[in-house]
Amino acid sequence: MSQLDAFPITRKWPAAHPDRLQLYSLPTPNGVKVSIMLEETGLPYEPHLVSFDSNDQMSPAFLSLNPNNKIPAILDPNGPNGQPLALWESGAILIYLAGKTGRFLPEDVAAKYQTLQWLMFQMGGVGPMFGQLGFFHKFAGKEFEDKRPRDRYVNESKRLLNVLNQHMAGRAWLMGDEYTIADIATWPWVRNLVGFYGAGDIVGFKDFPELTRVLNAFEARPAVQRGLNIPARG
Ligand SMILES: N[C@@H](CCC(=O)N[C@@H](CS)C(=O)NCC(=O)O)C(=O)O
């Protein structure tokens, strides 16, 4: 018996290593934030694939941990006070893992809150807006005759990209020289916009040279390359 047996999610996704942090995810732009963070920190963990093909995110086992039916989610057997901690929302998970490992969130108080500012900018702006653009540009919304919703998200995505592009001039990472959880949250979404969504032309990505530069640097990190494919798709 392990402490994790009390969590119904472990019945659908049994923990082979109950002493390790359990990750329930899929390599989407939100999912890879956490696998990249785990790879960057070297924390031992066990990844479990939540397949959208079989609607795993709607299963009672998954909903028992995250009632919001979205990946990523984690279950840490060694949470605060030695108790297991279940957590969802990628931004909260990144902050938690940064606190647990002392990595990728500056100690300096001002720099810490500025990192959280950029993290919130990703969570509240970049992710939701790019996601909507993906719907109207690549998925079901593509067929809609009325192009105004698509155009709204194109314009908003361009605006966000411009904010990022201006900020990145003369900086290696969002916080300057220091690579942080804000980068781990943001660059997978920029990558997804031009890659998987194929929206580079429609947002004029070539007009944002700083973003291409930083995205290349992000993708060159070995931990990022590993994290982008975790959990492996079945
Ligand atoms: N704000 C959430 C968003 C998570 C999210 O949207 N996850 C998507 C994949 S990228 C998902 O699980 N979609 C499944 C569904 O909506 O059924 C986070 O950052 O964790």
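The rules behind these values
- Within any chain, residue numbers begin from 1 and follow the written order of that chain's sequence.
- Totals for whole chains, interfaces and linings use every residue, but because this is a predicted model, local features are given only for residues with pLDDT of at least 70 and side-chain atom pairs only at 80 or more, for both listing and counting.
- Remark: hydrogens and water are excluded; side-chain values derive from all non-hydrogen atoms of the structure.
- The patches reported here contain residues having more than 30% relative accessible area and no salt bridge. Joining distances are 9 Å for like charges and 5 Å for nonpolar side chains (Val, Leu, Ile, Met, Phe, Trp, Tyr).
- Only the protein chains shown count as cover for residues, and all accessible areas are computed by the Shrake-Rupley method using a 1.4 Å probe.
- A pair is scored as a salt bridge if a Lys or Arg side-chain nitrogen falls within 4 Å of a carboxyl oxygen belonging to Asp or Glu.
- For the purposes of this entry, the term helix denotes a DSSP run of H or I that reaches at least four residues, the term strand denotes a run of E that reaches at least two, and both are numbered from the N terminus.
- Relative accessibility thresholds used throughout: buried, under 20% of the residue-type maximum; exposed, over 50%; partly exposed, between the two (1.4 Å probe, protein chains only).
- Domains are outlined according to an automatic or database domain assignment.
- In what follows, a contact means two residues having at least one pair of non-hydrogen atoms within 4.5 Å.
- Buried area: the accessible surface (1.4 Å probe) lost by two parts on joining, summed over both.
- Within 3.5 Å is the distance limit for a polar contact, defined as a pair of N or O atoms, with the added protein rule that one can donate a hydrogen and the other accept it, and that residues adjacent in sequence qualify only through two side-chain atoms.
- We call a residue near a molecule or strand as soon as one heavy atom of that residue lies within 4 Å of the molecule or strand.
- Definitions used for this entry: grid spacing 1 Å over protein atoms alone; cavity, a set of points where a 1.4 Å probe fits but cannot get out; pocket, an open set with protein on both sides within 12 Å along at least 5 of 7 lines; lining residue, one with an atom within 4 Å of a point.
- Occupancy of a cavity or pocket is assigned to a molecule whenever over half of its atoms lie within 2 Å of that pocket's grid points.
- As a working rule, the residues Ala, Val, Leu, Ile, Met, Phe, Trp, Tyr, Cys and Pro are called nonpolar, Asp, Glu, Lys and Arg charged, and the rest polar, with Gly in that last group.

*Asks:* I tried to follow a nonpolar patch on the surface on my own but got confused; where do I start?
*Replies:* A contiguous nonpolar surface patch, about 370 Å² in accessible area, is contributed by Phe135, Phe139, Phe144 and Phe196. As for its position among the elements, Phe139 is in the loop between α5 (109-137) and α6 (148-168). For Phe139, a relative accessible area of 36% puts it in the partly exposed group.

*Asks:* Where do I start with the domain arrangement of the protein chain in this structure?
*Replies:* Accessible area lost upon the coming together of the parts serves often as the stated size of an interface. Taken domain by domain, the protein chain consists of domain 1 (3-103) and domain 2 (109-221). A C-alpha centroid distance of 25 Å is found between domain 1 and domain 2. Counting from both sides, the interface comprises 13 residues of domain 1 and, opposite them, 14 residues of domain 2. Considering only the side of domain 1, the residues that lose the most area to domain 2 are Pro29, Lys33 and Glu40, jointly responsible for 44% of the buried surface there. For the pair domain 1 and domain 2, the number of links is one salt bridge. Put simply, Glu40 and Arg221 hold a salt bridge, and the shortest N to O gap is 2.8 Å. In this structure, the connection of domain 1 to domain 2 is made through four residue pairs in polar contact (both at pLDDT 80 or more). Elements supplying a minimum of two residues to the side of domain 1 that touches domain 2: α2 (31-41) and α4 (90-101).

*Asks:* Would you mind going over the site of the ligand with me for this structure?
*Replies:* Around the ligand, the structure places Thr28, Asn30, Phe52, Gln57, Asn69, Lys70, Ile71, Pro72, Glu89, Ser90 and Met123. Gln57 is positioned with one of its side-chain polar atoms (N or O) 3.0 Å from an oxygen atom of the ligand. Ser90 has a polar side-chain atom sitting 2.6 Å from an oxygen atom of the ligand. When the ligand is considered free in solution it has 510 Å² of accessible area, and contact with the protein chains removes 76% of it. Comparing atom positions with the cavity grids shows the ligand to sit within the largest pocket. Residues of the shell around the ligand, tallied by class, amount to four nonpolar, five polar and two charged.

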